[in-house]
Amino acid sequence: MLIIACPYCGPRPELEFRYGGEAHVARPVDPSTLSDEDWGAFLYQRANPRGLHAERWRHVHGCGRFFNALRDTTTDFFAATYETGTPRPAGTPADGETSR
Amino acid sequence: MIIVGAGGHGLATAYYLATVHGITNVAVLEKGWLGGGNTGRNTTIVRSNYLFDESAGLYDHAVKLWEGLSQELNYNVMFSQRGVLMLAHNIHDVQSFKRHVHANRLNGVDNEWLTAEECRDFCPPLNIDASTMRYPVLGGALQRRAGTARHDAVAWGYARGADARGVDIIQNCAVTGIRRGPDGAVTGVETSRGFIGAKKVGVVAAGNTSVVMAMAGQRMPLESYPLQALVSEPIKPIFPCVVMSNTIHAYISQSDKGELVIGAGTDAYTSYTQRGALHITTHTLDAICELFPMFRRMRMLRNWGGIVDVTPDRSPIIAKTGVSGLYVNCGWGTGGFKATPGSGHVFAHTIAKDEPHPINAPFTIDRFRDGFLIDEAAAAAVAH
């Protein structure tokens, strides 16, 4: 079981959280002007990288808030957790890079 | 031609390229060892009782091939049509399963409804005493043609058959890049053992599909999750069939070695670690112990994980891609083993003819642009 550091509550066991999928997938501002290709890509295509992955978690059995995390999908170690609405922490490797 | 991935689906593809289409100048590249990924990690269940016409067509095509596979390969894949019983635990399950039974029968797929007592008669270890259960058994859907097969033997049988016809199977050879010409078409692959030229490349890389396809600049509608399974200590024959319970999440059968083979769920998060969290297997064992109290004191011998590539609608993609000469067979999620022969058969057709077989024509990537989903996720409500 993972120990996840909620930015609001501190480290808690994984069972208190729900996974929220890839982070920073912004909903297009004006969907009606989008091509089918772009709309399908927004809905369904995901980076699914082998290495660092920016993802959302929600502390459902705690503060209830969403936040973002950087986790290495080859080790499951978290490189960082940070608040929703803030950009990916500076100085961290790109998606798919290894965290160590 | 190059097939990336020497699992069951990749080897079956190579086998049918050679036998059906007469194409033997094929290399199957495998970064690890033959059948060492999900082919060697699944719970060996074969069935075709899917709701939608497209799925029933695809999975029943596979079951029909399974029925003759040992003869075809001259290799005993130990296909045993011992029946798969899917248990219903609430009114929604009952309604949903009966709908499946009727839809399957219209598609020529056998499936029948059993009462709780009939379920117990078919599978005597099953507990149906509602007073002892949090989730009582209200009945079940039984597909008698379904069952199990020896997973390793499937890989070995297809590998031997393909090899005998001239296919090269190259292990310990990881694909590191996909090379394309000025017109964008595939010209070959870079590997850890050098460049291999090819006009057509078929990617059958399961959990690593997103990584391989990214080498050709293709983003996929896939996410990769760990899926776990475990086996008990071996015991004398006690369990006559396969029992699945989607609602309380357990799959169980007994292997010919005597081990109880138990399938658990996926972890909540994407990962490539080939392991999973213990609370996932514990959850499944809770369900097993409630359904089969006689197993409560058994010891589990081994548990492991594999990485499964899941599509948004939980149906596979067997299709051409946006790159000329590049084909992909992926997205089998938590239930790809059952389809191995059918998957290889139609994917070989897709590569050889550069157009899909009628059976896999609906399983495109474009369905996620056009909205023609084959939504078995909604139909089954959980992993299958």
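Parameters and conventions
- Residues numbered from 1 in each chain as written.
- Chains lettered and ligands numbered in written order.
- Predicted model: local features only at pLDDT ≥ 70, side-chain atom pairs only at ≥ 80, totals over all residues.
- Heavy atoms only, no water.
- UniProt positions renumbered as here; feature names shortened; annotations may be inferred.
- Domains from an automatic or database assignment.
- Contact = heavy atoms within 4.5 Å.
- Buried area = accessible area lost by both parts, 1.4 Å probe.
- Salt bridge = Lys/Arg side-chain N within 4 Å of Asp/Glu carboxyl O.
- Polar contact = N/O pair within 3.5 Å; in protein donor to acceptor, adjacent residues only side chain to side chain.
- Helix = DSSP H or I, 4+ residues; strand = E, 2+ residues; numbered from the N terminus.
- Nonpolar A, V, L, I, M, F, W, Y, C, P; charged D, E, K, R; others polar.
- 1 Å grid on protein atoms, 1.4 Å probe; cavity = no way out; pocket = protein on both sides within 12 Å on 5 of 7 lines; lining within 4 Å.
- Points joined across faces, edges and corners; volume = space filled by probe spheres on them.
- Pairing = 2+ DSSP bridges.
- Axes fitted to C-alpha atoms, helices over the stretch in contact; angles between N-to-C directions.
- Buried < 20%, exposed > 50% of the residue type's maximum accessible area, 1.4 Å probe, protein only.
- Phe/Tyr/Trp six-rings, centres within 6.5 Å; stacked < 30°, edge-to-face > 60°.
- Lys NZ or Arg CZ within 6 Å of the ring centre and 35° of its normal.

The name an unreviewed UniProt entry gives chain B is Sarcosine oxidase subunit beta, with Methylobrevis pamukkalensis as the organism. Checking UniProt for chain B, the heading Sequence similarities (unreviewed entry) contains the comment "Belongs to the SoxB family." The Subcellular location (unreviewed entry) field of the UniProt record for chain B holds the comment "Cytoplasm".

If you look chain A up in an unreviewed UniProt entry, it shows as Sarcosine oxidase, delta subunit family from Methylobrevis pamukkalensis.

Student: Whenever I open this one, the domain arrangement of chain B confuses me. Can you help?
Tutor: When the parts come together, some accessible area is lost, and that loss is often what is quoted as the size of the interface. Residues and elements named next belong to chain B. Domains assigned within chain B are domain 1 (2-76 + 150-221 + 312-370) and domain 2 (81-146 + 223-310). Domain 1 puts 31 residues into the contact, and the matching count from domain 2 is 34 residues. The three residues of domain 1 that bury the most area against domain 2 are Arg41, Asn49 and Leu51, which together make up 26% of that side's buried surface. Inspection of the region where domain 1 meets domain 2 yields two salt bridges. Residue Arg145 is joined to Asp60 by a salt bridge in which the shortest nitrogen-to-oxygen separation is 3.1 Å. Viewed at the interface, domain 2 and domain 1 are joined by 14 residue pairs in polar contact (both at pLDDT 80 or more). Of all the elements in the fold, those that place two or more residues in the side of domain 1 that touches domain 2 are strand E3 (45-46), helix H2 (53-67) and helix H7 (209-214). Of all the elements, H2 adds the most residues to the side of domain 1 that touches domain 2, at six residues. Tallied by class, the residues present in the side of domain 1 that touches domain 2 amount to 13 nonpolar, eleven polar and seven charged.

Student: Help me understand the layout of surface pockets in this model?
Tutor: Leftover empty space is mapped by rolling, across the atoms, a probe with the size of a water molecule. The computed volume of the second largest pocket comes to approximately 530 Å³. Around the second largest pocket sit 20 residues that line it, and Thr266(B), Asp267(B), Ala268(B), His279(B) and Ile280(B) are the ones nearest its centre. Mapped by element, the contributors of at least two residues to the lining of the second largest pocket are strand E3 (18-22) of chain A together with strand E16 (260-266) and helix H8 (278-291) of chain B. Looking at the lining of the second largest pocket, the element that brings in the most residues is H8(B), giving four residues. Looking at the lining of the second largest pocket, its residues break down into nine nonpolar, seven polar and four charged.

Student: Just to check I follow, could you spell out the interface of chain B and chain A for this structure?
Tutor: Taken together, the contact between chain B and chain A spans 25 residues of the former and 24 residues of the latter. Ranking the residues of chain B by area buried against chain A places Arg219(B), Tyr269(B) and Tyr272(B) at the top, with a combined share of 30%. Residue Arg369(B) is joined to Glu37(A) by a salt bridge in which the shortest nitrogen-to-oxygen separation is 3.4 Å. Our enumeration of links across chain B and chain A arrives at 13 residue pairs in polar contact (both at pLDDT 80 or more). Elements that contribute at least two residues to the side of chain B that touches chain A include exactly H7, strand E13 (223-232) and helix H10 (367-370) of chain B. Counted by class, the side of chain B that touches chain A contains twelve nonpolar, seven polar and six charged residues.

Student: Looking at this model, I keep getting lost on the sheet that holds strand E18 (residues 317-320) of chain B. Mind explaining?
Tutor: For sheets, the rule is that strands pair by backbone hydrogen bonds, running either parallel or antiparallel. All names here are of chain B. Reading across the sheet, the six strands line up as E8-E2-E1-E12-E19-E18 and stay open at both edges, with mixed pairing between neighbours. The strands lining the two open edges of the sheet, one partner per strand, are strand E8 (168-170) and E18. Averaged over all adjacent pairs, the angle separating strand axes in this sheet is 15°, with direction ignored. Looking at chain direction, strand E2 (residues 27-29) and E8 are connected through three bridges and run parallel. Looking at E8, one finds that Val28 is bridged to Ile169. Strands in contact with helix H9 (residues 340-353) are strand E1 (2-4), strand E12 (201-203), E18 and strand E19 (326-330); relative to E19, the strand with the most contacts, it is inclined by about 165°.

Student: When you look at the sheet that holds strand E17 (residues 300-310) of chain B in this model, what are you seeing that I'm missing?
Tutor: Residue and element names in this part refer to chain B. Read from one edge of the open sheet, eight strands run E5-E6-E4-E14-E15-E16-E13-E17, paired in mixed fashion. With one partner strand each, in any of the chains shown, strand E5 (112-114) and E17 form the two edges of the open sheet. Adjacent strand axes in the sheet meet at a mean angle of 20°, parallel and antiparallel pairs treated alike. Two strands pair when backbone bridges link them, and E13 and E17 are joined in this way by ten bridges, in the antiparallel orientation. Within E17, the residue paired with Gln228 across the bridge is Gly305. Here H8 sits on the sheet in contact with strand E4 (84-88), E13, strand E14 (242-245), strand E15 (250-254), E16 and E17, set at roughly 130° to E16.

Student: Is there a simple way to explain unusual backbone geometry in this structure?
Tutor: The phi angle of most residues is negative, glycine excepted, and most peptide bonds adopt the trans form. A positive phi angle, close to 45°, is found at Asn48(A), a residue other than glycine. Here Asn48(A) is to be found in the loop between helix H1 (36-44) and strand E4 (52-58). On the basis of relative accessibility, which here comes to 3%, the residue Asn48(A) falls in the buried class. Despite not being glycine, His249(B) has its phi angle at roughly 65°, a positive value. Looking at the secondary structure, you find His249(B) in the loop between E14 and E15.

Student: Sorry, what's going on with the packing of aromatic side chains here?
Tutor: Pairs of aromatic rings are described using the distance from one ring centre to the other and the angle between the two planes. Taken as a whole and assessed by the stated rule, the structure comprises 17 aromatic pairs over all chains. Taking the centre distance of 5.2 Å and the plane angle of 80° together, the rings of Tyr15(B) and Tyr16(B) count as edge-to-face. Overall, the relative accessible area of 3% leaves Tyr16(B) in the buried class. Ring geometry for Trp66(B) versus Phe337(B): centroids 5.3 Å apart, planes at 50°, classification tilted. One end of the pair, Trp66(B), is in helix H2; the other, Phe337(B), is in the loop between E19 and H9, and 271 residues separate them in sequence. This pair shows no difference in class: Trp66(B) is buried, exactly as Phe337(B) is. An aromatic cluster is present here, built from Phe17(A), Tyr19(A), Trp57(A), Phe67(A), Phe78(A) and Tyr269(B) joined pairwise through their rings. Above the ring of Tyr8(A), the side-chain terminus of Arg65(A) is found at 3.7 Å from the ring centroid. Its guanidinium or amino end placed over the ring of Phe195(B), Arg179(B) lies 3.7 Å from that ring's centre, counting from NZ or CZ.

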